[in-house]
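What follows is each chain in one-letter form.
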Amino acid sequence: MNSFTRLLKQLKKNPDFKYHPKCVKMNVVQLSFTDDLLLFRKGDSNSVKLLYELFTIFSKTSWLEANEEKRVVYFGGVPQEMQHEILHLLGFVLGDLPKRLLFSIQIFWAQIFVLLKKVIHCIEALCRNFLWSVGVDSSKKALIAWETLCWPRVARGLNFLDIATWNKAAVYKVLWNLSKKKDKMQIQWVHMYYGKQGSIWEIQTKQALWMVSKILKAQKYYEEAGWSAQEAMTWANFSIKNIYLKLRGNFQKVEWRKIVCNNVAAPNWTFILYLALNERLQTRERLASLGVVEDTRCALCSTGVDNCEQLFFQCTYAASIWEKVLKWMHIDRHALCWREENMGYTTI
């Protein structure tokens with residue numbers, strides 16, 4: 001793409017080419033991604049023709065052709081007659097919002113945009129459904145609240161990412177970059193169009209884009225992490241992780257945290273143990289309380305009520321396994337009950 005970038009520099013010297021209104025100050029014409037190329041220009045036929053001619057030259061010399069499915073044009077504020085003329089000139093089709101591109105760089109957007117609550121809820125719903133239903137089917141009820149799963153492992157959670165808090169910390173970094181004037185294109189763009197009002201902390205957001213307005217207003221949330229904007233200005237580096245943990249605050253640790261933390265067992269085994277420790281394992285006793293089954297007898301020995309205590313320790317079949325495992329590990333004792341085993345592990 002370097003050769004194509006050099007070709008595009010010719011447009012700067014051509015008086016017939018007009019930049020996109022929001023790109024003219026920085027002379028931005030293209031944005032390149034792994035499998036996508038975005039070209040920007042003003043919505044007039046001359047600019048489109050000049051840009052397409054350079055792209056054709058690049059395509060012939062590099063043997064790289066545009067994907068037929070991605071040959072689309074996106075308009076904004078362009079009259080209908082001009083749209084038809086440009087589409088006829090290029091032979092492309094009229095496109096909608098490039099969702100394919102947005103999904104392919106979703107992590108990038110999450111780091112520079114303030115995600116709407118509805119978007120966050122949709123993302124969490126997809127993750128929650130996949131965890132409990134192994135797909136997008138939401139018919140199965142979550143055994144543990146998603147908010148709890150986002151807590152640290154030492155505090156009854158699984159340390160899943162809290163998207164809302166992480167997004168807030170990421171936007172803080174964008175605001176910090178704005179204040180430090182880092183050499184990134186999106187940072188330079190904000191300073192180019194809004195920096196004339198003085199310090200980044202003094203910019204009025206009434207006329208700013210929604211995205212820019214939300215980022216600039218994020219300065220008031222620095223106090224949530226226990227810092228002031230002036231303190232943030234003195235930092236040499238900014239860590240999203242540190243801000244994220246600071247915003248999360250402190251959590252009360254559970255007694256059985258050592259059983260789950262740094263456990264080298266297979267993930268599915270650890271997850272079953274996690275459910276059992278939270279008393280959410282789908283034993284027959286629990287299913288009966290929900291009205292799903294009537295028979296609460298142990299499925300292995302048919303004696304006793306099928307709960308965690310019975311399933312893992314009191315059952316004759318489970319007791320025989322524990323006896324062999326302890327003997328194999330040269331531990332001279334019998335297996336204790338569920339609670340005693342958990343408490344014994346926490347005191348190690």
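Not measured: the values here are computed from a predicted model.

## Overview of the packing of helix α8 (residues 163-180) against helix α12 (residues 240-248)
(1) Moving on: Two elements in contact, α8 and α12, have axes whose closest approach is 9 Å; the angle formed by their N-to-C orientations is 130°. Put simply, α8 runs oblique to α12. When you trace α8 past α12, the crossing you get is right-handed. In contact with T165, W166, K168, A169, A170, Y172 and K173 of α8, α12 contributes I240, I243, Y244, L247 and R248.
(2) Moving on: Tallied by class, residues from the contact of α8 with α12 come to eight nonpolar, one polar and three charged.

## Observations regarding the confidence of the model for the protein
Interpretation of this model should avoid reading the predicted coordinates in detail wherever pLDDT is low.
(1) Moving on: In this model, the protein carries a mean pLDDT of 78, and residues with pLDDT of at least 70 account for 83%.
(2) Moving on: Between the elements of the protein, mean pLDDT differs from a low of 44, seen in helix α4 (residues 99-104), to a high of 91, seen in helix α7 (residues 146-149).
(3) Moving on: Scored below 50 in pLDDT, residues 98-106 shows 10 contacts in the model against residues more than four places distant or in partner chains.

## Structural notes on the packing of helix α2 (residues 45-62) against helix α3 (residues 80-90)
(1) Moving on: Where α2 contacts α3, the axes come no closer than 10 Å and their chain directions differ by 20°. Overall, the two elements α2 and α3 adopt an arrangement that is roughly parallel. Crossing handedness for the pair α2 and α3: right-handed. Contacts from S45, V48, K49 and Y52 in α2 reach M82, E85, I86, L89 and L90 in α3.
(2) Moving on: Its residues placed into classes, the contact of α2 with α3 shows six nonpolar, one polar and two charged.

## With respect to a nonpolar patch on the surface
(1) Moving on: Among the surface-exposed residues, L116, V119 and I123 lie close enough to one another that they form a single nonpolar patch of about 210 Å² accessible area.
(2) Moving on: Tracing the chain through its elements places L116 in the loop between α5 (106-112) and α6 (117-133).

## Notes on the state of the cysteines
(1) Moving on: For the coordinates displayed, the defined rule picks out zero disulfides.
(2) Moving on: Free of any disulfide, C315 has its nearest neighbouring cysteine sulfur in C301, separated by 3.6 Å.
(3) Moving on: Of the residues examined, C315 reaches a relative accessible area of 0% and is grouped as buried.

## Looking at the pattern of salt bridges
(1) Moving on: What the rule picks out here adds up to three salt bridges.
(2) Moving on: Across the pair R248 and D162 runs a salt bridge, and its minimum N-O distance is 2.9 Å. With a gap of 86 residues between them, R248 in helix α12 and D162 in the loop between α7 and α8 connect regions that are remote in the sequence. The two residues R248 and D162 agree in class, both being buried.
(3) Moving on: Residue D295 is joined to R297 by a salt bridge in which the shortest nitrogen-to-oxygen separation is 3.2 Å.

## Brief notes about unusual backbone geometry
(1) Moving on: With a phi angle near 60°, E279 is a residue other than glycine that sits in the positive phi range.
(2) Moving on: Of note in this structure, S302 is not a glycine but carries a positive phi near 60°.
(3) Moving on: Position of S302 among the secondary structure elements: in the loop between α15 (284-289) and α16 (308-314).

## As for the side chain of Q83
(1) Moving on: Within the secondary structure, Q83 is located in helix α3.
(2) Moving on: Overall, Q83 belongs to the buried group, its relative accessible area being 11%.
(3) Moving on: From its side chain, Q83 meets the backbone oxygen of V78 in a polar contact 2.8 Å long.
(4) Moving on: Those residues in contact with Q83, other than ones at most four positions away along the chain, are F75, V78 and L94.

## Let's talk about the nonpolar core
(1) Moving on: Formed by 27 residues in total, the largest nonpolar core has its most connected members in Y172, L175, Y222, F238 and I243.
(2) Moving on: Counting residues per element, the ones that place at least two in this core are α8, α9 (185-194), α10 (210-217) and α12.
(3) Moving on: Among the elements that take part in this core, α8 stands out by supplying nine residues, more than any other.
(4) Moving on: L149, I259, Y274 and F313 belong to the second-largest nonpolar core, a separate cluster that totals 19 residues.

## Details of the packing of aromatic side chains
(1) Moving on: Scanning the entire structure with this criterion turns up nine aromatic pairs.
(2) Moving on: Between Y52 and F92 the ring centres are 5.9 Å apart and the planes differ by 90°, which places this aromatic pair in the edge-to-face class. Note that Y52 is positioned in helix α2 and F92 in the loop between α3 and β4 (93-94), a separation of 40 residues in sequence.
(3) Moving on: Exposure remark for Y52: the relative accessible area of 29% places this residue in the partly exposed category.
(4) Moving on: Taken together, a centroid distance of 5.7 Å and an interplanar angle of 50° make the contact between W235 and F238 tilted.
(5) Moving on: Among the aromatic residues, those joined into a ring-pair cluster are W132, F271 and Y274.

Conventions adopted
Residue indices follow the written sequence of each chain, beginning from 1 at its first position. Reporting in this predicted model follows two pLDDT cut-offs: at least 70 for local features of residues, and 80 or more for side-chain atom pairs to be given and counted; totals over whole chains, interfaces and linings ignore these cut-offs and use all residues. Where side-chain values are given, they derive from all heavy atoms of the structure, hydrogens and water being excluded. Simply put, an axis is a line fit to the C-alpha atoms, just over the touching stretch for a helix, and the angle between two N-to-C directions goes from 0 to 180 degrees. Helix numbers and strand numbers start at the N terminus; a helix is a DSSP run of H or I with at least 4 residues, a strand a run of E with at least 2. For this classification, under 35 degrees means roughly parallel, over 145 means roughly antiparallel, 65 to 115 means roughly perpendicular, and everything else is oblique. By definition, turning the near helix anticlockwise from the far helix through less than a right angle yields a left-handed crossing, and turning it clockwise yields a right-handed one. Note on definitions: a residue-residue contact is assigned when non-hydrogen atoms from the two residues lie within 4.5 Å. Any residue outside Ala, Val, Leu, Ile, Met, Phe, Trp, Tyr, Cys, Pro, Asp, Glu, Lys and Arg is labelled polar, Gly included; the first ten of those are nonpolar and the last four are charged. pLDDT expresses, on a scale from 0 to 100, how confident the predictor is about each individual residue. In this scheme, patches are assembled from residues that exceed 30% relative accessible area and form no salt bridge. Like charges are connected within 9 Å, while nonpolar side chains (Val, Leu, Ile, Met, Phe, Trp, Tyr) are connected within 5 Å. In these tables, accessible area is a Shrake-Rupley quantity obtained with a 1.4 Å probe, and a residue counts as shielded only by the protein chains included in the view. One side-chain nitrogen of Lys or Arg within 4 Å of one carboxyl oxygen of Asp or Glu is enough to make a salt bridge. Only a pair of cysteine sulfur atoms within 2.5 Å counts as a disulfide in this structure description. When a residue's accessible area, from a 1.4 Å probe over protein chains only, is under 20% of the maximum for its type it is buried; when over 50% it is exposed; and in between it is partly exposed. Each polar contact in these results corresponds to two N or O atoms within 3.5 Å; when the atoms are within protein, one needs to be able to donate a hydrogen and the other to accept it, and residues that are neighboring in sequence are counted only if both atoms are side-chain atoms. Here, nonpolar core means buried Ala, Val, Leu, Ile, Met, Phe, Trp, Tyr and Cys residues that are tied together by side-chain atoms lying within 4.5 Å of each other. Side-chain rings of Phe, Tyr and Trp, where Trp is taken by its six-membered ring, are said to pair if the distance between their centres is within 6.5 Å; with planes under 30 degrees apart they count as stacked, over 60 as edge-to-face, and otherwise as tilted.

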